[in-house]
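Commentary on secondary and tertiary structure
What follows is the residue order along each chain.
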Amino acid sequence: EKLEQGVEKSRDGLLSKIGKSIAGKDTVDAATLDDLEDALITSDVGVKTTVEIIDRIEERVAKDKFITQNELQELMRDEIVALLKDNNPDQPAEFDADFPHKPHIVLVVGVNGVGKTTSIGKLAHLYKMAGKSVVLGAADTFRAAAVDQLKIWSERAGVSIIQQGQNADPAAVAYDTVASAKAKGADIALVDTAGRLHNKKSLMEELGKIKRVMGKVVDGAPHEILLVLDASTGQNAMQQAKAFTDVVDVTGLILTKLDGTAKGGIVIGVSNELNVPVKYIGVGEQIEDLQVFDRVAFVNALFG
Ligand code: GDP
């Protein structure tokens, strides 16, 4: 329900555009496909992914030229679900809190303001609810407020936090966090980082150092690298995603602020273009407002 409310604007935008492209027509001609293409692009699906979707639809309508508005909508829905499946092959059906190792180390990256700290708080809550012990690491030492915010989230979620003084070395905080999680026998550590994108080389060096020290404490750590993107920024989020995936092996995406944006199409484009699965979506500011990404539920919400 939250998801439906969340993507309402995206849905209204997309549906009204699709509606306009096929209004009063009983055949799908080249002009209709052009209009559909525009509808997807202006919903922030992205050019490359839009072209793929249109190609698939073109192939299918080539066989059966007479197609109703509902059939076309069904067709688009099927094609988008299929495309999301290709790019989210191991998608869990529900929240998965069980790992074959302990502690499970998650590094969270993304630029300021995208909802990184909030998403970590929400994730900590999900793990806590699943009966797991969680340690947060405040390795975003660049912004003074970041540590305080994470502290507030740790209290909300009822989990512990490792922090150091302002301007501490992020890698040192990351090291402490992983070491503490290991010593305590915690199940999960979630480490916040400062995502400064001003310079690819320094970002690569900083994240590289953090990863190295984590791996020294726990074999194979970090086990997950989650990139947080603000869906309401549309193609801007796509650019950030490209910049991060260029320098670090992102294992999953968190798309935030899907509530109240008309740019929900970005969810489809970003996983497709980057070949990185969307793991979670943020649909509000509250602690429960993080959902495991479910492509069918998402597409259903998008198409009403
Ligand atoms: P950070 O700088 O990346 O750590 O971003 P924050 O976690 O501090 O979030 C920035 C702002 O975005 C805050 O006001 C959050 O409440 C808000 N925010 C985060 N996630 C969501 C979401 O899914 N939906 C909405 N509406 N707001 C969000």
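Up top is the structure these notes are about.
This section reports on the structure supplied with the text. (Residues numbered from 1 in each chain as written. Predicted model: local features only at pLDDT ≥ 70, side-chain atom pairs only at ≥ 80, totals over all residues. Heavy atoms only, no water.)

Looking at the ligand, there are 17 residues lining it, with G113, T117, T118, D259 and E285 nearest. Residue E285 places a side-chain N or O atom 2.5 Å away from an oxygen atom belonging to the ligand. Relative to its free-state accessible area of 580 Å², the ligand is covered by the protein chains to the extent of 80%. In terms of residue count, helix 6 (residues 116–129) provides more of the shell around the ligand than any other element does, four residues in total. Counted by class, the shell around the ligand contains three nonpolar, eight polar and six charged residues. (Near = heavy atom within 4 Å. Polar contact = N/O pair within 3.5 Å; in protein donor to acceptor, adjacent residues only side chain to side chain. Areas by Shrake-Rupley, 256 points an atom, 1.4 Å probe, with all protein chains shown as cover. Helix = DSSP H or I, 4+ residues; strand = E, 2+ residues; numbered from the N terminus. Nonpolar A, V, L, I, M, F, W, Y, C, P; charged D, E, K, R; others polar.)

Right, let's talk about the nonpolar core for a bit. Of all hydrophobic cores here, the largest spans 100 residues; its most connected members are L190, L255 and F298. Of all the elements, helix 5 (residues 69–87) adds the most residues to this core, at seven residues. Each residue touching L255, except ones within four places of it in the same chain, is listed here: L229, A231, I266, V267, V270, V278, Y280, I281 and G282. (Core = buried A, V, L, I, M, F, W, Y, C linked by side-chain atoms within 4.5 Å. Buried < 20%, exposed > 50% of the residue type's maximum accessible area, 1.4 Å probe, protein only. Contact = heavy atoms within 4.5 Å.)

The subject of this paragraph is the side chain of D187. With respect to the element layout, D187 can be found in the loop between helix 8 (170–184) and strand 4 (188–193). For D187, the side chain forms a polar contact with the main-chain nitrogen of S133, separated by 2.9 Å.

With that settled, the discussion passes to the packing of aromatic side chains. As enumerated under the stated definition, the model contains four aromatic pairs in all. For the ring pair F95 and Y127, a centre distance of 4.8 Å and an interplane angle of 55° mean the geometry is tilted. On the criterion of sequence distance, the pair formed by F95 in the loop between helix 5 and strand 1 (104–109) and Y127 in helix 6 is long-range, its members being 32 residues apart. Cluster of aromatic residues (ring-pair linked, three or more members): F95, F99, Y127 and Y280. Sitting above the plane of the W153 ring, R156 keeps its charged end 4.3 Å from the centroid. (Phe/Tyr/Trp six-rings, centres within 6.5 Å; stacked < 30°, edge-to-face > 60°. Lys NZ or Arg CZ within 6 Å of the ring centre and 35° of its normal.)

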